[in-house]
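Reading the structure
Each chain is listed here by its residues.
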Amino acid sequence: MRGSRPGGPPPGGYAFATAAFDRGVELRERHEHLQRLAADPSSRWLLLREDGSAPVADGPGLHWQPGSPELAAGEWVFLGRQDGRVLFAGVGGVPQDLAAQWLDLRAAAAMLDAGQAGLLAYARALGAWRSRHRHCGRCGARNQAESGGHRLRCPDCGNTSFPRTDPAVIFLVRDGERALLGRQPGWPPGRWSTLAGFVEPGETLEAAVVREAHEEAGVVVDGCRYLGSQPWPFPASLMLAFEARAVETSIRLGDELEAARWFAPDELLAAIAAGEVRLPPRLSISRWLIEVWLAEVAGRQPVDRE
Ligand SMILES: [Zn+2]
């Protein structure tokens, strides 16, 4: 089993959750120093397209550019340091002549090692935030970047904004050994997964699990247990994973799912083996939640054709 229970969380069990680098927070306010580092050819730049696709080199790994005065004159975010290199992300566009293979974020994450995928998630979330906050949300003036690009300030009204993370709960509802999985319209044929939903303002994570379980599938859960979290840079979510216990198990679908059903472990494993059910991709924490449950109740892992 690749994952583990809380206390020994998952490194490597799902994508974006490992980021073995130093964020260098103490350097963020040293603007002139960072400006020089940004132009230094020993620094490394990751340039992301606005659609979130990432440049990938042979190897495979992320395609990093040496720092240059041209790059430093553009818009950037200081990411931190790794292996003696200072890392930046360009957030103002990509030079036409950049020779790299561009991969969609999911495809890139699937081929990168865990540490690089974590860096990519970090850079992607910051880039998405910067591209959506070019202007002040209060007065509309053009924002100016501060703190290594991690804070935006409006020069006219002084309003500041910070990178945002949108929390979402993702949870496996259990009834004894059975687990509840759902299907959204538009998913690939046969795909089933755990339930999930965004946390609303003023709501605890636990209350969000209870509300979403009832809204999406009509089931009542009376408690949940935190299992782990995963940055989910599409564009800036944090998935908080739980296991919840059902106290009322009859299903009544809400608006978001086209189907929901209880699976006994053997039934799910047989359906996967027969190609009738497809689990979520291995990079997702939902997949890990299902694998944790199967390992506990069946002592087995699915063999599927992902
Ligand atoms: Zn303003």
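Details of the structure are given in the entry above.
Attention here is on the structure that accompanies the text. (Residues numbered from 1 in each chain as written. Predicted model: local features only at pLDDT ≥ 70, side-chain atom pairs only at ≥ 80, totals over all residues. Heavy atoms only, no water.)

A look at the coordination of the zinc ion
- Within the first shell, the zinc ion binds the protein through Cys136 (SG), Cys139 (SG), Cys154 (SG) and Cys157 (SG), at distances of 2.3 to 2.4 Å.
- Every donor counted, the four donor atoms about the zinc ion form angles of 100 to 121° at the centre, which fits tetrahedral coordination.
- All donors to the zinc ion come from one chain, and their sequence spacing reads C-x2-C-x14-C-x2-C. With a gap of 18 residues between them, Cys139 in the loop between helix H4 (114-132) and strand S8 (144-146) and Cys157 in the loop between strand S9 (151-153) and strand S10 (160-161) connect regions that are remote in the sequence.
- With relative accessibility at 42%, the residue Cys139 sits in the partly exposed group.
- You can call Cys157 partly exposed: its relative accessible area is 31%. (Donors = N, O, S within 2.8 Å, 3.2 Å for Na, K, Ca; no water. Tetrahedral: all angles 85-135°; square planar, octahedral: opposite > 155°, others 65-115°. Helix = DSSP H or I, 4+ residues; strand = E, 2+ residues; numbered from the N terminus. Buried < 20%, exposed > 50% of the residue type's maximum accessible area, 1.4 Å probe, protein only.)

A look at the pairing of strand S15 (residues 237-248)
- As defined by bridge partners, strand S11 (residues 166-175) adjoins S15 across nine bridges and the pair is classed as parallel. Its bridge partner lying in S15, Pro167 is registered against Leu238.
- Pairing of strand S14 (residues 220-232) with S15 involves 10 bridges; the strand directions are antiparallel. Considered in S15, the bridge of Val220 is made with Glu248.
- Between S14 and S15, which pair antiparallel and follow one another directly, the connecting turn spans four residues. (Pairing = 2+ DSSP bridges.)

Quick look at the pairing of strand S16 (residues 259-263)
- When you tally the buried positions in S16, you get four out of five residues, the bulk of the element.
- Pairing of strand S12 (residues 178-183) with S16, which is carried by five bridges, proceeds in the antiparallel orientation. From the neighbouring strand, Arg183 faces S16, where its bridge partner is Ala259.

Comments concerning the sheet that holds strand S3 (residues 61-62)
- Taken in spatial order, the three strands of this open sheet run S3-S2-S7, and their pairing is antiparallel. With one partner strand each, in any of the chains shown, S3 and strand S7 (101-103) form the two edges of the open sheet.
- Bridge count between strand S2 (residues 54-57) and S3: two bridges; the pairing is antiparallel. Within S3, the residue paired with Ala57 across the bridge is Gly61.

Remarks on the pattern of salt bridges
- This structure, assessed with the given rule, holds 23 salt bridges.
- A salt bridge links Arg130 to Glu75, with the nearest nitrogen and oxygen atoms 3.5 Å apart. You can see Arg130 sitting in helix H4 and its partner Glu75 sitting in the loop between helix H2 (69-72) and strand S5 (76-82), a full 55 residues away along the chain.
- On the accessibility criterion, Arg130 (5% relative accessible area) is buried.
- Across the pair Arg225 and Glu243 runs a salt bridge, and its minimum N-O distance is 3.4 Å. One end of the pair, Arg225, is in strand S14; the other, Glu243, is in strand S15, and 18 residues separate them in sequence. (Salt bridge = Lys/Arg side-chain N within 4 Å of Asp/Glu carboxyl O.)

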